[in-house]
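Listed below, chain by chain, are the residues.
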2 protein chains.
Amino acid sequence: MSVPAVGKLQKQTFGARIADELRKAIFAGDLVPGSALIETALAEQFGVSRGPLREAIRQLIDEGLLVQVPFSGTRVTELSEIAIREIYSLRTTLEIFAFRLAWDRRDAGFRAEMLQRQQALLAAIDTGDEMECIRREMHLHSLVYEAADHQLLLEIWGGLKGRLQLYLASNYLAHGRHGPRRTGHDSFVAAALGDSWPVMEAEILQHMRLGSEETERFLKARKEKVDA
Amino acid sequence: MSVPAVGKLQKQTFGARIADELRKAIFAGDLVPGSALIETALAEQFGVSRGPLREAIRQLIDEGLLVQVPFSGTRVTELSEIAIREIYSLRTTLEIFAFRLAWDRRDAGFRAEMLQRQQALLAAIDTGDEMECIRREMHLHSLVYEAADHQLLLEIWGGLKGRLQLYLASNYLAHGRHGPRRTGHDSFVAAALGDSWPVMEAEILQHMRLGSEETERFLKARKEKVDA
DNA sequence: TCGCGATAGATTGTCGACAATCAATTAAAA
DNA sequence: TTTTAATTGATTGTCGACAATCTATCGCGA
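First things first, this report covers the structure right here in the doc. Here the structure is a predicted model, which means the values were calculated and not measured.

### A few points about the overall build of chain A
Alright, step 1. Counting secondary structure elements, chain A contains nine helices and three strands.
Alright, step 2. Moving toward the C terminus, one meets the helices and strands of chain A in the order α-β-α-α-β-β-α-α-α-α-α-α.
Alright, step 3. Taken across its 228 residues, chain A has 48% of its residues classed as buried.
Alright, step 4. Counting only contacts in chain A whose residues sit at least 6 apart along the sequence, the fraction spanning at least 24 positions is 75%.
Alright, step 5. Approximately 11700 Å² of chain A is accessible, and the part contributed by carbon and sulfur atoms is 54%.

### Topic: the protein's contact with DNA strand C
Alright, step 1. Around DNA strand C sit 19 residues in total, of which A:T13, A:F14, A:S49, B:R50 and B:R54 are the nearest.
Alright, step 2. In the interface set of DNA strand C, defined as its atoms within 4 Å of the protein, sugar plus phosphate atoms amount to 72%.
Alright, step 3. One of the backbone nitrogen or oxygen atoms of A:F14 is found 2.8 Å away from a phosphate oxygen of DNA strand C.
Alright, step 4. Note that a phosphate oxygen of DNA strand C is positioned 3.5 Å from one of the backbone N or O atoms of B:F71.
Alright, step 5. Taken together, the elements giving at least two residues each to the surface near DNA strand C come down to α3 (50-62) of chain A together with α2 (39-46) and α3 (50-62) of chain B.
Alright, step 6. Taken together, the residues of the surface near DNA strand C sort by class into eight nonpolar, six polar and five charged.

### Some thoughts on the pairing of strand β3 (residues 73-76) of chain A
Residue and element names in this part refer to chain A.
Alright, step 1. Side chains T74 and V76 of β3 all project onto a buried face; the interleaved residues G73 and R75 project onto a face where none is buried.
Alright, step 2. Taken together, the four bridges between strand β2 (residues 66-69) and β3 define a ladder with antiparallel strand orientation. Paired with L66 across the two strands is V76, which belongs to β3.
Alright, step 3. Taken together, β2 and the strand that follows it, β3, pair antiparallel across an intervening segment of three residues, in which F71 is found at a positive phi of about 65°.

### Some details on the relation of the copies chain B and chain A
Alright, step 1. At an RMSD of 0.1 Å, chain B and chain A line up after a rotation of 180° and a shift of 0.1 Å along the axis. Expressed as an axis order, the relation between the two copies is that of a two-fold axis. Taking the C-alpha atom as reference, chain B places B:D62 closest to the rotation axis, 3.4 Å from it.
Alright, step 2. Taken as a fraction of all interface residues of chain B, those also at the interface in chain A reach 100%, which identifies the copy contact as same-surface.

Conventions and cut-offs
Residues numbered from 1 in each chain as written. Chains lettered and ligands numbered in written order. Predicted model: local features only at pLDDT ≥ 70, side-chain atom pairs only at ≥ 80, totals over all residues. Heavy atoms only, no water. Helix = DSSP H or I, 4+ residues; strand = E, 2+ residues; numbered from the N terminus. Buried < 20%, exposed > 50% of the residue type's maximum accessible area, 1.4 Å probe, protein only. Contact = heavy atoms within 4.5 Å. Areas by Shrake-Rupley, 256 points an atom, 1.4 Å probe, with all protein chains shown as cover. Near = heavy atom within 4 Å. Polar contact = N/O pair within 3.5 Å; in protein donor to acceptor, adjacent residues only side chain to side chain. Nonpolar A, V, L, I, M, F, W, Y, C, P; charged D, E, K, R; others polar. Pairing = 2+ DSSP bridges. Least-squares fit on C-alpha atoms with pLDDT ≥ 70 in both.

Written out as structure tokens, the structure reads:
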């Protein structure tokens with residue numbers, strides 16, 4: 001993603017590449033939550049057979065971006081209020097766990113990388129590109145998971161990140177979600193680079209609570225709009 | 001699994017059924033960690049085409065039971081000491097989280113179910129069927145995740161459980177792992193049905209520490225045997 | 001004898017077509 | 001009018017064959 005990673009250029013299968021394309025399409029809003037994916041159409045669109053496409057679909061299912069019922073079809077995962085709450089509650093637990101692992105592992109490289117990702121986020125906020133903001137925000141939070149040196153945790157965060165990004169992106173597309181507050185991430189980064197663990201833990205709890213509440217507000221607004 | 005679940009009898013695809021068979025084969029030791037799976041052979045063995053079989057393989061990859069490198073092949077996941085440590089550390093975090101969610105939700109049904117699963121485990125210990133013991137132990141610990149009413153957590157526990165079961169089963173097959181200690185689970189159940197949250201939290205930490213240490217001992221023993 | 005490149009066999013990735021299943025529509029009956 | 005059954009169209013599940021790729025073996029040269 002961000003690291004050059006010399007050995008990165010291994011032979012990639014069609015399915016993996018198509019999965020990337022589909023993921024981008026979902027995050028970009030070309031595929032709105034609830035819409036159905038038809039294999040034949042997508043296969044022709046991507047210029048491949050249904051085999052690789054099916055594999056790509058399977059991969060996105062595991063990432064929680066798609067849901068499938070046998071013999072019926074595949075759809076983009078729908079938003080639900082309890083799902084949001086589950087994501088944020090679990091993310092709170094995991095992010096505290098990640099910070100505990102990474103806490104004594106923070107070095108100059110960690111601090112530099114965190115500041116750089118924060119700068120990238122702030123730059124995106126200035127341009128007003130909301131989608132880029134979401135990506136940068138995810139990227140910023142990813143750092144601690146990468147620094148925790150815990151493969152399994154990183155893998156699970158990947159799944160969570162995908163779901164979260166889907167929700168944030170679709171919420172923005174649906175009702176122009178207001179982007180991440182500048183000050184909110186300032187305090188987060190400050191705590192992450194500081195020396196007080198209790199402050200960091202409190203910051204995570206606060207950060208997650210704000211995110212959860214904000215998202216739930218939009219979901220309720222959408223619900224009322226649908227009911228009306 | 002344990003609940004009758006009226007609507008459970010939905011049309012099942014070949015891939016899903018084959019995935020179940022493969023999972024059983026792995027847990028039973030018919031497919032030892034590190035061994036390669038050849039698609040054509042397995043497809044013929046199961047009497048299906050390579051399509052559904054590929055889908056089954058993909059599913060087990062997501063569960064962490066298989067690893068695949070493109071154009072090279074698929075193998076049963078190998079054990080590694082750090083992987084074990086990661087599983088136990090993450091499981092500790094998640095199980096504490098699950099208990100916190102389920103703590104005030106425990107009712108008569110919960111207590112009855114837990115006692116029943118404990119009885120089933122004890123019965124399995126008496127028969128000496130180690131594989132059954134492992135399944136029963138997993139089933140016992142699954143209860144709190146089911147009671148937490150958290151879909152995402154339950155899903156992630158499913159993945160963790162699979163990996164854990166793979167490790168326990170292969171360890172037993174490799175060097176006759178000594179089964180779960182009777183007293184260990186007695187104290188676990190007692191704490192889970194008790195009224196003291198600090199006691200429960202300490203019990204989880206202790207339980208995980210014991211399991212982790214025991215497994216690592218066997219891994220080190222195997223390593224020394226291999227080196228010799 | 002050791003290292004290196006070509007070759008052969010096996011295995012995976014991909015494709016197009018066919019069969020099974022589902023959802024919506026139409027028509028018939030109560 | 002409402003409910004139910006049959007039908008049709010579309011979509012997914014499955015299959016067998018072909019092409020791309022890898023791994024191991026063999027032969028050649030140093």
